[in-house]
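# Survey of secondary and tertiary structure
Residue-level listing of the chains:
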Amino acid sequence: MSELHKFLFDGLPVRGMLVRLTDAWTDILRRRAGNTATGAYAAPVTELLGEMAAAGVLMQSNIKFNGALILQVFGDGPVKLDVAEVQSDLSLRATATVTSEVPADARLSQMVNVGGSGRCAITLDPKNRHPGQQPYQGVVPLHGDHHEKLERLSDVLQHYMLQSEQLDTVLVLGANEQVAAGQLIQRMPIKGEGNLAEGLSHRENEDQIGHNEDYNRIAHLAASLTREDLLSLDVDTILRRLFWEEKLVRFTPQQGDTGPRFACTCSRERVGNMLRNLGAAESESILAERGEIEVGCEFCGQQYRFDAVDAAQIFVEPAIIQPQGPTGMQ
């Protein structure tokens with residue numbers, strides 16, 4: 001079961017989180033692999049998207065925000081767009097738009113930053129917007145301070161967090177076909193709470209960058225965590241190996257209904273309503289040409305198929321009135 005663990009270092013201005021996405025992650029990959037139009041992701045795309053899903057959970061859990069955190073990486077390579085969306089209740093979904101073949105050994109720059117125009121965007125979309133309120137978005141390039149291309153998503157996000165919150169952060173991310181995981185260690189703000197939506201900038205926080213000895217010691221330990229150990233070891237073992245000399249205050253793990261879990265807004269019922277709006281004549285025309293109607297969710301890849309009997313039932317049964325939604329599945 002997917003799980004999120006939060007902890008503090010007792011008496012020190014340092015907090016941490018560790019997430020392991022198992023069933024939530026394999027649900028995402030299963031839907032994509034079962035899509036006959038797209039097929040499964042290539043291994044490098046799987047790794048990048050899994051790291052984004054894990055990072056999205058960590059970042060959403062690190063702020064007080066009622067709405068969706070949307071992490072995007074986009075650019076000019078064969079992977080045009082990667083998206084991970086995490087709601088405030090930790091339900092999540094993720095997808096990638098791949099336009100051409102991705103080499104088996106492709107790195108971040110080869111996938112999305114070939115010409116140097118790649119970007120990473122973090123959007124906070126409030127659940128209940130006030131009149132005139134717009135989502136908050138921050139965007140950073142996929143290169144460092146010296147314009148060198150960054151090859152790890154963790155480096156991109158650490159750079160973003162430093163610019164956005166003026167807080168030192170260490171991220172370790174990893175993903176394969178079974179697990180997407182991440183560890184975040186962060187120096188706590190001196191005043192207030194770091195919040196991406198607020199864009200807080202305290203001079204005291206900025207002055208502390210790189211100078212807090214307790215954080216530097218713990219960050220060094222956290223950075224020693226390898227991708228292999230992150231993906232293969234359980235949370236208790238990881239924390240014990242890394243911080244056995246530190247006094248940790250651990251909170252109740254978030255699992256199941258309160259933890260990270262896959263959720264997409266698509267459903268067979270919603271597709272049926274789309275077909276009803278399309279009309280019987282158009283549906284019959286598609287059936288006559290193809291033998292069935294196939295609709296795929298543009299976000300999660302789930303395919304829904306309707307044969308002649310299924311379609312007939314849609315137009316015979318009373319229409320169910322539902323709120324007006326997008327014209328395409330997302």
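Residues numbered from 1 in each chain as written. Predicted model: local features only at pLDDT ≥ 70, side-chain atom pairs only at ≥ 80, totals over all residues. Heavy atoms only, no water.

Summing up its helical and strand segments, the protein has 11 helices and 14 strands in all. Classification of the 330 residues of the protein by burial places 49% in the buried group. Looking at the protein alone, contacts between residues at least 24 apart form 66% of all its contacts between residues at least 6 apart. When the accessible surface of the protein is split by element, carbon and sulfur atoms take 49% of a total near 16100 Å². (Helix = DSSP H or I, 4+ residues; strand = E, 2+ residues; numbered from the N terminus. Buried < 20%, exposed > 50% of the residue type's maximum accessible area, 1.4 Å probe, protein only. Contact = heavy atoms within 4.5 Å. Areas by Shrake-Rupley, 256 points an atom, 1.4 Å probe, with all protein chains shown as cover.)

Once that is clear, we can look at the packing of aromatic side chains. Counted under the stated rule, the structure contains 3 aromatic pairs. Centre to centre, the rings of Phe7 and Phe9 are 5.9 Å apart; their planes meet at 75°, and the pair counts as edge-to-face. Under the relative-accessibility criterion, Phe7 is labelled buried at 1%. Phe9 sits in the buried class, given a relative accessible area of 1%. Seen in terms of ring centroids, Phe9 and Phe243 are 5.1 Å apart; in terms of plane orientation they differ by 85°. Their pairing is edge-to-face. Residue Phe9 is located in strand 1 (residues 3-9), and its partner Phe243 is located in helix 8 (residues 235-243); the two are separated by 234 residues in the primary sequence. Its relative accessible area of 3% is what places Phe243 among the buried residues. Sitting over the ring of Phe299, Arg93 keeps its end group 3.9 Å from the ring centre. Over the aromatic face of Phe306 sits the side chain of Arg268, whose NZ or CZ is 4.0 Å from the ring centroid. (Phe/Tyr/Trp six-rings, centres within 6.5 Å; stacked < 30°, edge-to-face > 60°. Lys NZ or Arg CZ within 6 Å of the ring centre and 35° of its normal.)

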